[in-house]
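Fold and geometry: a report
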Amino acid sequence: MPLAIYPGSFDPLTKGHLDLINRGSRLFGRIIVAVLVNADKAPLFSVDERLEMVRHATGNIANVEVDSFSGLLVHYAARKGANVLLRGLRTISDYEIEREMDAINRRLRPEIETVCLMATEPYLHVSSRRVKEIAALGGDVSSFIPDFISERLRAKLQGKDLI
Ligand code: PNS
């Protein structure tokens, strides 16, 4: 059973990401959730905070590991001995982004295969970006992210760090 890398910004982890990790963990022997150290984007949560949240949320799934990476994803995957990238597809715009990234990654490292799982109904329109926007404007994000992440997000938006 192959090793799959599930890369992303996870700023923060959503229930949609968790659904994908759970489903992927039944398809692959091992999954490494790889948190991007965003050098050019300015994430709300630090890489350590994002790692801690993903670890906490996935601690009950035996074949899931959590790590961070910077630089090219294909180089990271090669270091880990992985040829499979796991990604989620929600909408047509996701498809176009994934199509492009797959083409680039394949050109850089032809043995790489990207496996996309369709987002399932309750998570079709969940994104970290929207979650942050809704929370910043005082909306309820409890159906989009785990409760402990809602608390971290509330604290972060009030300028307080809980970890
Ligand atoms: O959660 P995101 O922001 O959709 O994840 C995007 C990610 C991390 C998969 C992508 O930005 C990425 O692979 N970044 C690493 C840099 C890289 O390898 N770029 C070339 C391939 S497009």
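Details of the structure are given in the entry above.
So, a few notes on the structure that sits alongside this text. What you are looking at is a predicted structure, and each value in this text was computed from that prediction instead of being measured.

Reading the values: the criteria
- Residues numbered from 1 in each chain as written.
- Predicted model: local features only at pLDDT ≥ 70, side-chain atom pairs only at ≥ 80, totals over all residues.
- Heavy atoms only, no water.
- Near = heavy atom within 4 Å.
- Polar contact = N/O pair within 3.5 Å; in protein donor to acceptor, adjacent residues only side chain to side chain.
- Areas by Shrake-Rupley, 256 points an atom, 1.4 Å probe, with all protein chains shown as cover.
- Nonpolar A, V, L, I, M, F, W, Y, C, P; charged D, E, K, R; others polar.
- Helix = DSSP H or I, 4+ residues; strand = E, 2+ residues; numbered from the N terminus.
- Buried < 20%, exposed > 50% of the residue type's maximum accessible area, 1.4 Å probe, protein only.
- Pairing = 2+ DSSP bridges.
- Right-handed = clockwise from strand over helix to strand, strands pointing away.
- Salt bridge = Lys/Arg side-chain N within 4 Å of Asp/Glu carboxyl O.

**Quick word on the site of the ligand**
Around the ligand, the neighbouring residues are Gly8, Ser9, Leu36, Lys41, Phe69, Gly71, Leu72, Leu73, Arg87, Met101 and Asn105. Taking Leu73, its main chain carries an N or O atom lying 2.8 Å from an oxygen atom of the ligand. In the environment of the ligand, an oxygen atom lies 3.0 Å from a nitrogen or oxygen atom belonging to the side chain of Arg87. Protein chains bury 73% of the 540 Å² of accessible surface belonging to the ligand in isolation. Across the shell around the ligand, the residue classes tally to 5 nonpolar, 4 polar and 2 charged.

**Regarding unusual backbone geometry**
Of note, the amide linkage connecting Asp11 to Pro12 takes the cis form, showing an omega dihedral of 0°. With respect to the helices and strands, the residue Pro12 is situated in the loop between strand E1 (3–8) and helix H1 (15–27). Phi at Phe10 takes a positive value of approximately 50°, unusual for a residue other than glycine. With relative accessibility at 2%, the residue Phe10 sits in the buried group.

**A short note on the pairing of E1**
Along E1, 6 of the 6 residues are buried, which leaves the element largely enclosed by surrounding structure. Burial along E1 is two-sided: Leu3, Ile5 and Pro7 facing one way and Ala4, Tyr6 and Gly8 facing the other are all buried. Bridge analysis of E1 against strand E2 (residues 30–36) gives 6 bridges, and the strand direction is parallel. Bridged to Pro7 within E2 is Ala34. Tracing the backbone out of E1, into H1 and back to the parallel element E2 gives a crossover that is right-handed. In the sheet, E1 pairs with strand E4 (residues 84–89) via 2 bridges, with the strands oriented parallel. Among the inter-strand pairings, Ala4 is bridged to a residue of E4, identified as Val84.

**Points about the pairing of strand E3 (residues 64–69)**
Sheet topology note: the E2/E3 ladder contains 6 bridges and is parallel. For Ile31, the partnering residue across the bridge sits in E3 and is Val64. Crossover connection from E2 via helix H2 (residues 47–58) to parallel E3: handedness right-handed.

**Section: the pattern of salt bridges**
Two side chains carrying opposite charge are able to pair once their charged atoms lie near each other. The full count for this structure, using the stated rule, is 13 salt bridges. The residue Asp19 makes a salt bridge to Arg23 at a minimum N-O spacing of 3.1 Å. One end of the pair, Asp19, and the other, Arg23, are both in helix H1, 4 residues apart, so they sit about a helical turn from each other. Taking the relative accessible area as the measure of exposure, Asp19 reaches 18% and is therefore buried. Between Glu98 and Arg87 there is a salt bridge, with its nearest N and O atoms 2.9 Å apart. Placement of the pair is Glu98 in helix H4 (residues 92–108) and Arg87 in strand E4, with a sequence separation of 11 residues. Residue Arg87 is classed as partly exposed on the basis of its relative accessible area of 21%. Among the ionic contacts, a cluster of salt bridges with common partners joins Arg99, Asp102, Arg106 and Glu113.

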